[in-house]
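This is what each chain is made of:
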Amino acid sequence: MNDAPIGVFDSGVGGLTVAHAIRQRLPHEALIYVGDTARVPYGPKSPDTVRRYAQEIADWLVGQGVKLVVVACNTATAHALDTLRATLRVPVIGVIEPGARAAVAADHDGHIGVIGTTGTVASGAYERAIRALAPSVTVTARACPLFVPLVEEGWLDGDVTEAVARRYLQPLVDDHVDAVVLGCTHYPLLKPVLARTLGPAVILIDSAEETARETERVLEARALAAAPRPGPRLRVVVTDAPAAFLRQAERFLGEPLDGVETLALA
Ligand code: DGL
């Protein structure tokens, strides 16, 4: 048994969808969540910059005594997972391998779509992870950079969001994908629009659930699970603008937050 917290981080508020899934699945675990609101978005930034940001936050979390780090951001997973695994002394879980696993399990016709930020799609990380599991699967990947600001703005529906979705997703519709990985923390909030645009036959894959399952597996395999106890703490830390974060947090976390701390990074 190990009662140390799990560290979870993202470029901003979106990774709270992963924190939510972990809290649902592992209710005895304490969590420290860091949202890098000072430097969001990671999606358009270079791999080196995202790696540097991710390393800083992960090092801070390890300094706080976390027993495991979950990289809840797809872009940070795409660019920094290998480096973090090589440098941190605690296990590190990303969202891409779990998302790829869930997609391969759901796929019937051997054609999977992936949508994500420009950085995630350019990295090819999802294609590699999917092909490692199912080499014959065809992958159509599409960057959808405008989805993040639309979600941040709360435009989860309506003409503009529908039009943007149609424009981004048409190649996936034309390619007759049968499952689509929501390869970005923000996209699960757009599920109704995405489902309408892609059609009822297409399965939407949200990696948060599978990432929570992977977290459970790693905790058990390494004897790191916490002892059962009531109401473990969720500590939330941001690098800027806590009030704006707090206003958005409930939509992603599914529960209200008591408060947010601010951390100044270099
Ligand atoms: N968290 C990012 C991701 O999942 C989306 C927001 C950003 O671009 O920073 O890729």
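See the structure above.
Cut-off values and rules
Residues numbered from 1 in each chain as written. Predicted model: local features only at pLDDT ≥ 70, side-chain atom pairs only at ≥ 80, totals over all residues. Heavy atoms only, no water. Helix = DSSP H or I, 4+ residues; strand = E, 2+ residues; numbered from the N terminus. Rg over C-alpha atoms; globule rule 2.2 N^0.38 Å. Buried < 20%, exposed > 50% of the residue type's maximum accessible area, 1.4 Å probe, protein only. Core = buried A, V, L, I, M, F, W, Y, C linked by side-chain atoms within 4.5 Å. Contact = heavy atoms within 4.5 Å. Near = heavy atom within 4 Å. Polar contact = N/O pair within 3.5 Å; in protein donor to acceptor, adjacent residues only side chain to side chain. Nonpolar A, V, L, I, M, F, W, Y, C, P; charged D, E, K, R; others polar. Pairing = 2+ DSSP bridges. Axes fitted to C-alpha atoms, helices over the stretch in contact; angles between N-to-C directions. Salt bridge = Lys/Arg side-chain N within 4 Å of Asp/Glu carboxyl O. Phe/Tyr/Trp six-rings, centres within 6.5 Å; stacked < 30°, edge-to-face > 60°.

What about the overall build of the chain?
The helix and strand tally for the chain stands at 11 helices and 10 strands. Relative to its length of 266 residues, the chain is compact, with a C-alpha radius of gyration of 18 Å against a globular reference of 18 Å. Taken over the C-alpha atoms alone, the chain extends approximately 50 × 40 × 35 Å along its principal axes. For the chain, the residues scored as buried account for 58% of the 266 residues in total.

Topic: the nonpolar core
Within the largest apolar cluster, 52 residues are counted, with the highest numbers of intra-cluster contacts made by Leu16, Ile22, Ile115, Phe147, Tyr187 and Phe245. Among residues more than four places away in sequence, those in contact with Tyr187 are Ile115, Gly116, Thr117, Cys144, Phe147, Val148, Leu182 and Leu194.

Here's the deal with the site of the ligand
Near the ligand there are 14 residues, and of these Asp10, Ser11, Tyr42, Gly43 and Thr75 occur at the shortest range. Contacts to the ligand include Gly43, whose backbone N or O atom sits 2.8 Å from an oxygen atom. One nitrogen or oxygen atom from the side chain of Thr185 is found 2.9 Å from a nitrogen atom belonging to the ligand. A per-class count over the shell around the ligand returns six nonpolar, seven polar and one charged.

Observations regarding helix H4 (residues 96–106)
Buried within H4 are the following residues: Ile96, Pro98, Gly99, Ala100, Ala102, Ala103 and Ala106. Of the surrounding elements, those touching the buried residues of H4 are helix H3 (74–87), strand E5 (111–116), helix H6 (125–133), strand E7 (179–183), strand E8 (203–206) and helix H10 (207–221).

Regarding unusual backbone geometry
Cis geometry is adopted by the peptide bond preceding Pro41, which originates at Val40 and carries an omega value of 0°. Within the secondary structure layout, Pro41 lies in the loop between strand E2 (31–35) and helix H2 (47–63). With phi around 55°, His176 is a residue other than glycine that occupies positive phi space. Exposure remark for His176: the relative accessible area of 64% places this residue in the exposed category. We note that Ala223 has phi near 55°; this positive angle belongs to a residue other than glycine.

Observations concerning the environment of Ala54
In this structure, Ala54 sits in helix H2. Sequence separation between Ala54 and His28 is 26 residues; the distance between their C-alpha atoms is 26 Å. Not counting residues up to four positions away in its chain, the partners in contact with Ala54 are Phe9, Ala76, Ala80 and Leu84.

Some thoughts on the pairing of E5
Of all six residues in E5, six are buried, a share of seventy percent or more. What you see with E5 is no split at all: His111, Gly113 and Ile115 on one side and Ile112, Val114 and Gly116 on the other are buried throughout. Pairing of E5 with strand E6 (residues 138–143), which is carried by six bridges, proceeds in the parallel orientation. Of the residues in E6, the one forming a bridge with Gly116 is Ala143.

Some details on the sheet that holds E8
Pairing within the open sheet is parallel, and its four strands lie in the order E6-E5-E7-E8. Whereas interior strands pair on both sides, the edge strands pair on one side only; in this sheet they are E6 and E8. Averaged over all pairs of adjacent strands, the angle between strand axes in this sheet comes to 25°, irrespective of strand direction. The strands touched by helix H8 (residues 159–174) within the sheet are E5, E6 and E7, with E6 carrying the most contacts at an inclination of about 170°.

Here's the deal with the pattern of salt bridges
Using the criterion set out here, one finds 17 salt bridges in the structure. Arg25 is the salt-bridge partner of Glu216, the closest N and O atoms lying 2.7 Å from each other. Residue Glu216 is located in helix H10, and its partner Arg25 is located in helix H1 (residues 16–25); the two are separated by 191 residues in the primary sequence. Between Glu56 and Arg39 there is a salt bridge; the shortest N-O distance is 2.9 Å. Placement of Glu56 in helix H2 and of Arg39 in the loop between E2 and H2 is noted, with a sequence separation of 17 residues between them. Connected through salt bridges with shared partners, the residues Arg101, Glu210, Arg213, Glu214 and Arg217 form a single ionic network.

Considering the packing of aromatic side chains
Describing an aromatic ring pair means giving the distance of the ring centres and the angle of the ring planes. Here the structure, examined in full by the defined rule, presents four aromatic pairs. Ring geometry for Tyr33 and Phe245: centres 6.3 Å apart, planes at 40°, overall tilted. You can see Tyr33 sitting in strand E2 and its partner Phe245 sitting in helix H11 (residues 242–253), a full 212 residues away along the chain. Ring geometry for Phe147 and Tyr187: centres 5.3 Å apart, planes at 90°, overall edge-to-face. Note that Phe147 is positioned in helix H7 (residues 147–152) and Tyr187 in the loop between E7 and helix H9 (191–198), a separation of 40 residues in sequence. Exposure class is identical for Phe147 and Tyr187. Each is buried. Three or more aromatic residues joined by ring pairs make a cluster, and in this case those are Phe147, Tyr168 and Tyr187.

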